[in-house]
Amino acid sequence: MEDRAPLDLLQEAFVNFNRASSELERHYRSLEERVRELTRQLAESLDERRRLGDLLCSVLESISAGVVVVEREGLIVAFNRAAERMTSFRREEVEGKPFGLLFPERWLREGRVLEERWGQKWIRVVPSPLKGEAARGWVLVLEDVTELKKWQQQAMRNEGLSAMGEVAAQVAHEIRNPLGVIKLFASLLRKEFDGDGRGEELLEHILIGVKEIEGVLGNLLLFVRPQAPVFRTIDLRAPLREVLSFVAPLLEENGIRMVERISRSPLEIEGDGELLKQVFYNVVLNAVQAMPEGGTLRVSTTRRRSRIKGQRMVEVVVADSGVGIPPEDLQRIFSPFFTTKERGTGLGLTVVHRIVEVHGGLVEVESEVGKGTTFRISIPLKGGSRRRR
């Protein structure tokens, strides 16, 4: 009995060892299964994060607003496609660079909505701090408000012109009555001076002066009380081509080459063709007068969509290679009686503005001294038009 005790103990040890091994193997398999499950969950989580990251990138690249992300050290870490379009910087040029090296630091420092001139564009900058422990810094949302600014400027011009119109109407009324009296008595005096060469010459000068004043008053009244438009469906190319055909001899006489790029397909609008001919004639005439030594006149049409108006527009562009307009005069060219010409009335572009405005359109002008001037006239295409009647 005593001799077998060690064997029993050994056997018992083997049994315990096998039991422990089985238990350990079971725990190992359970742990292995748990590791596989955690690995699967981790892979799913990584896939989900990757999918969400791809989705976020897709969203950032698809939205029309520019997005710039700046980390706490002031380095740019994200820059989407819309931001590239607005700023003319490429992503690879800005990512990893200090924000203040490329953009005004006040965009971050002031922490409020700003509207900034950026080249030829106006950009609205909306800064927001990044929230959370893992992300410190700023996200800037950029919006191109260039078109909005242009419509706002036209609205301000409309207000100014309306106020001037009331004064101009009163002035015109006060002048026409005594002017009629002068014309009447000058006609009567012509009979008295019959045969008197010197007297007739002086009276002729008076009547010519009266006629010139009447012309100015006529233009003034056209500005104050423009001809009521008769809207109908027309092809905008018709009045435009009629004007270009009419001025062709004038262009040739002044050594001006015309380059046309007018749409081959109809540009249907609801408008008054006769009034639009006045618009095109005044703008083209300004271009001719800006090129006393000859040059190039470019006339083109394009279709575009107005984000502000939510309309499809046709844009007529008239560009000259003339003397250009000084910056200090550029904001005044639509004001009544403003002119840099010796014999101009200064009402041509005012009338242009009024006619385009009554068609629900927009007039823009860009100019550089010594290089030329470009007028852009936008009119709503037929369908969804919002005219002011």
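Look a little higher up for the structure.
Residues numbered from 1 in each chain as written. Predicted model: local features only at pLDDT ≥ 70, side-chain atom pairs only at ≥ 80, totals over all residues. Heavy atoms only, no water.

Engineer: Break down the nonpolar core for me, citing the residues and quoting the values.
Structural biologist: Residues Leu236, Ile269, Phe280, Leu297, Phe375 and Ile377 are the most contacted members of the largest nonpolar core, which totals 40 residues. Mapped onto this core, the elements with two or more residues apiece are α8 (237-253), α9 (273-289), β9 (295-306), β10 (311-320), α11 (348-358), β11 (362-368) and β12 (372-380). Among the nonpolar cores identified, the runner-up in size contains 17 residues, and Val68, Phe79, Ile123 and Val125 belong to it. (Core = buried A, V, L, I, M, F, W, Y, C linked by side-chain atoms within 4.5 Å. Buried < 20%, exposed > 50% of the residue type's maximum accessible area, 1.4 Å probe, protein only. Helix = DSSP H or I, 4+ residues; strand = E, 2+ residues; numbered from the N terminus.)

Engineer: Mind laying out the packing of aromatic side chains, listing which residues take part and the relevant values?
Structural biologist: Per the counting criterion, the structure on display carries 9 aromatic pairs. Taken together, a centroid distance of 5.5 Å and an interplanar angle of 85° make the contact between Phe89 and Phe103 edge-to-face. Highlighted residues: Phe89 in the loop between α2 (81-87) and α3 (91-94) and Phe103 in the loop between α4 (99-102) and α5 (106-109), separated in sequence by 14 residues. The exposure class assigned to Phe89 is partly exposed, which follows from its relative accessible area of 22%. On the basis of relative accessibility, which here comes to 4%, the residue Phe103 falls in the buried class. Pairwise contacts between aromatic rings join Phe79, Phe89, Phe99, Phe103, Trp107 and Trp118 into one cluster. (Phe/Tyr/Trp six-rings, centres within 6.5 Å; stacked < 30°, edge-to-face > 60°.)

Engineer: So what's going on with the packing of α9 against α11? Which residues, and what values?
Structural biologist: Taken N-terminus to C-terminus, the directions of α9 and α11 make an angle of 145°; their axes are 9 Å apart at the nearest point. As for how α9 packs across α11, the hand of that crossing is left-handed. For the pair α9 and α11, the contacting residues are Leu275, Leu276, Gln278, Val279, Asn282, Val283 and Asn286 in the first and Gly348, Leu349, Val351, Val352, Ile355 and Val356 in the second. Among the residues forming the contact of α9 with α11, the class breakdown is 9 nonpolar, 4 polar and no charged. (Axes fitted to C-alpha atoms, helices over the stretch in contact; angles between N-to-C directions. Left-handed = near helix turned anticlockwise from the far one by under 90°. Contact = heavy atoms within 4.5 Å. Nonpolar A, V, L, I, M, F, W, Y, C, P; charged D, E, K, R; others polar.)

Engineer: Kindly report on the pattern of salt bridges, identifying the contributing residues and their values.
Structural biologist: Charged atoms that come close allow side chains of opposite charge to pair. Tallied over the entire structure, the rule returns 16 salt bridges. We note a salt bridge from Glu93 to Arg90, for which the minimum N-O separation is 3.7 Å. Overall, the relative accessible area of 29% leaves Glu93 in the partly exposed class. What makes Arg90 partly exposed here is its relative accessible area of 46%. Linked by salt bridges that have partners in common, Arg304, Glu315, Glu366 and Arg376 make up one network. (Salt bridge = Lys/Arg side-chain N within 4 Å of Asp/Glu carboxyl O.)

Engineer: Go over unusual backbone geometry, please, and point to the residues and values.
Structural biologist: A positive phi angle, close to 70°, is found at Ser88, a residue other than glycine. With respect to the element layout, Ser88 can be found in the loop between α2 and α3.

Engineer: Account for α9, with residues named and values stated.
Structural biologist: The end-to-end C-alpha distance of α9, which contains 17 residues, comes to 24 Å, matching closely the 24 Å that a straight helix rising 1.5 Å per residue would cover. One side-chain oxygen at the N-terminal end of α9 lies 3.0 Å from the backbone nitrogen of Glu274; it belongs to Asp272. (Expected span 1.5 Å × (residues − 1). Polar contact = N/O pair within 3.5 Å; in protein donor to acceptor, adjacent residues only side chain to side chain.)

Engineer: Residue-level account of the environment of Val94, with values.
Structural biologist: Locating Val94 in the fold gives a position in helix α3. It is 8.4 Å that separates the C-alpha atoms of Val94 and Val77, two residues lying 17 residues apart in sequence. Leave out the neighbours within four places in its chain, and Val94 touches Ile76, Phe79, Phe89 and Leu102.

Engineer: Which residues make up the sheet that holds strand β4 (residues 121-129), and what are the values?
Structural biologist: With antiparallel pairing, 5 strands are arranged side by side in an open sheet as β2-β1-β5-β4-β3. Each edge of the open sheet carries a strand with a single partner, namely β2 (76-79) and β3 (114-118). Sheet twist, expressed as the average angle between the axes of neighbouring strands with direction ignored, equals 25°. Examined bridge by bridge, strand β1 (residues 66-71) and strand β5 (residues 137-144) share 6 bridges and lie antiparallel to one another. If you follow Gly66 over to β5, its bridge partner there is Leu142. (Pairing = 2+ DSSP bridges.)

Engineer: Could you give an account of α11, naming the residues involved and the relevant values?
Structural biologist: Here α11 lies mainly inside the structure; 10 of its 11 residues are buried. Regarding α11, the residues found buried are Leu349, Thr350, Val351, Val352, His353, Arg354, Ile355, Val356, Glu357 and Val358. A positive backbone phi angle near 75° is found at Gly360, which sits one or two residues after α11.

Engineer: With reference to specific residues and values, describe the sheet that holds β12.
Structural biologist: Taken together, 5 strands build an open sheet; the order of strands is β7-β9-β10-β12-β11 and the sheet is mixed. On the outer flanks of this sheet lie β7 (256-261) and β11, each paired with one strand and no other. Pairwise comparison of adjacent strand axes, ignoring direction, gives a mean angle of 15° for this sheet. Relative to β10, β9 is paired through 10 bridges, and the arrangement is antiparallel. If you follow Arg298 over to β10, its bridge partner there is Ala319. In the packing of α9 onto the sheet, the strands contacted are β7, β9, β10 and β12, and the crossing angle to β12 comes to about 170°.

Engineer: Summarise the pairing of β3; cite the residues concerned and give the values.
Structural biologist: Within a regular strand, side chains alternate between the sheet's two faces. Pairing analysis gives 5 bridges linking β3 to β4, with the strands arranged antiparallel. Looking at β4, one finds that Trp118 is bridged to Lys121.

Engineer: With reference to specific residues and values, describe the side chain of Lys277.
Structural biologist: The topology assignment puts Lys277 in helix α9. The contact partners of Lys277, leaving out residues within four places of it in the chain, are Pro239, Glu242 and Val243.

Engineer: Give a description of a nonpolar patch on the surface that names residues and reports values.
Structural biologist: A cluster of nonpolar side chains, contributed by Val181, Leu184, Phe185 and Leu188, occupies part of the molecular surface with about 370 Å² of accessible area. Mapped onto the elements of the fold, Val181 is located in helix α6 (residues 146-192). (Patch = residues over 30% accessible without salt bridge, like charges linked within 9 Å, V, L, I, M, F, W, Y side chains within 5 Å. Areas by Shrake-Rupley, 256 points an atom, 1.4 Å probe, with all protein chains shown as cover.)

Engineer: So what's going on with the packing of α8 against α9? Which residues, and what values?
Structural biologist: Relative orientation of the contacting elements α8 and α9 amounts to 35°, with a least axis distance of 9 Å. Judged by the sense of rotation from one axis to the other, the crossing of α8 with α9 is right-handed. On the side of α8, the interface is formed by Pro239, Leu240, Glu242, Val243, Leu244, Phe246, Val247, Leu250 and Leu251, while α9 contributes Gly273, Lys277, Phe280, Tyr281, Val284, Leu285 and Val288. Taken together, the residues of the contact of α8 with α9 break down into 13 nonpolar, 1 polar and 2 charged.

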